[in-house]
Amino acid sequence: MGEAKQFLGEIENSETKVIESVMERLAGLEELLLIVEDAALSAKIKNEMLELHQQCNNWWKTLLFSHGWDVNPNTRWEVDYQENKVWIY
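I will try to describe carefully the structure that is included in this document. (Residues numbered from 1 in each chain as written. Predicted model: local features only at pLDDT ≥ 70, side-chain atom pairs only at ≥ 80, totals over all residues. Heavy atoms only, no water.)

1. Some points on the pattern of salt bridges
Point 1. Across all of its chains, the model carries four salt bridges by this definition.
Point 2. With a shortest N-O distance of 3.1 Å, Lys5 and Glu78 are connected by a salt bridge. One end of the pair, Lys5, is in the segment before strand S1 (6-10); the other, Glu78, is in strand S2 (residues 77-80), and 73 residues separate them in sequence.
Point 3. The partly exposed category is assigned to Glu78, whose relative accessible area is 29%.
Point 4. The closest approach of N and O atoms between Glu20 and Lys17, which form a salt bridge, is 3.8 Å. Of this pair, Glu20 and Lys17 are both found in helix H1 (residues 13-35), three residues apart, which corresponds to roughly one turn of the helix.
Point 5. In this structure Glu20 comes out as buried when scored by relative accessible area, which is 16%.
Point 6. A relative accessible area of 45% places Lys17 in the partly exposed class. (Salt bridge = Lys/Arg side-chain N within 4 Å of Asp/Glu carboxyl O. Helix = DSSP H or I, 4+ residues; strand = E, 2+ residues; numbered from the N terminus. Buried < 20%, exposed > 50% of the residue type's maximum accessible area, 1.4 Å probe, protein only.)

Here it is in structure tokens:
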């Protein structure tokens, strides 16, 4: 049974656009990593993914602060890119 999502709040379209591009890049790299057989290229992909995960963490912490949301920074989150809504687990 999956975890229930809880609505946290709405964000600005500009905030959504920032994280959407990062998440799209991450998804693409995850797919690429599944088919890459070259160790050096795989390492580069993993390094870029680590950087993107750090960008996600920084975006999340900034979002929590700027919206005044009292949520543990380690909380799992999801963004509805169409409606600019944030959900947490």
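Structure's up, so let's keep going.
2. Details of the packing of aromatic side chains
Working definition: an aromatic ring pair is given by the centre-to-centre distance plus the angle between the planes.
Point 1. The full count for this structure, using the stated rule, is three aromatic pairs.
Point 2. Between the aromatic rings of Phe7 and Trp87, the centroid separation amounts to 5.3 Å while the plane-to-plane angle is 65 degrees, which identifies the pairing as edge-to-face. Pair noted here: Phe7 is in strand S1 and Trp87 is in strand S3 (residues 85-88), with a separation of 80 residues, a long-range link.
Point 3. In this structure Trp87 comes out as partly exposed when scored by relative accessible area, which is 25%.
Point 4. Measuring from centroid to centroid gives 5.5 Å for Trp60 and Trp77, while their planes differ by 15 degrees, and the two rings are stacked. With a gap of 17 residues between them, Trp60 in helix H2 (residues 39-67) and Trp77 in strand S2 connect regions that are remote in the sequence.
Point 5. Taking the relative accessible area as the measure of exposure, Trp77 reaches 18% and is therefore buried. (Phe/Tyr/Trp six-rings, centres within 6.5 Å; stacked < 30°, edge-to-face > 60°.)

3. Regarding H1
Point 1. Here H1 is 23 residues long and its end C-alpha atoms lie 34 Å apart, about the 33 Å a rise of 1.5 Å per residue gives.
Point 2. Here H1 has its buried residues at Glu15, Thr16, Ile19, Glu20, Val22, Leu26 and Leu29.
Point 3. Against the buried residues of H1 lie H2 and S2. (Expected span 1.5 Å × (residues − 1). Contact = heavy atoms within 4.5 Å.)

4. Looking at the side chain of Thr75
Point 1. Here Thr75 lies in the loop between H2 and S2.
Point 2. Within the structure, the side chain of Thr75 is placed 2.7 Å from the backbone oxygen of Asn72, a separation counted as a polar contact.
Point 3. Among all residues touching Thr75, those that are not within four sequence positions of it are Trp60, Ile88 and Tyr89. (Polar contact = N/O pair within 3.5 Å; in protein donor to acceptor, adjacent residues only side chain to side chain.)

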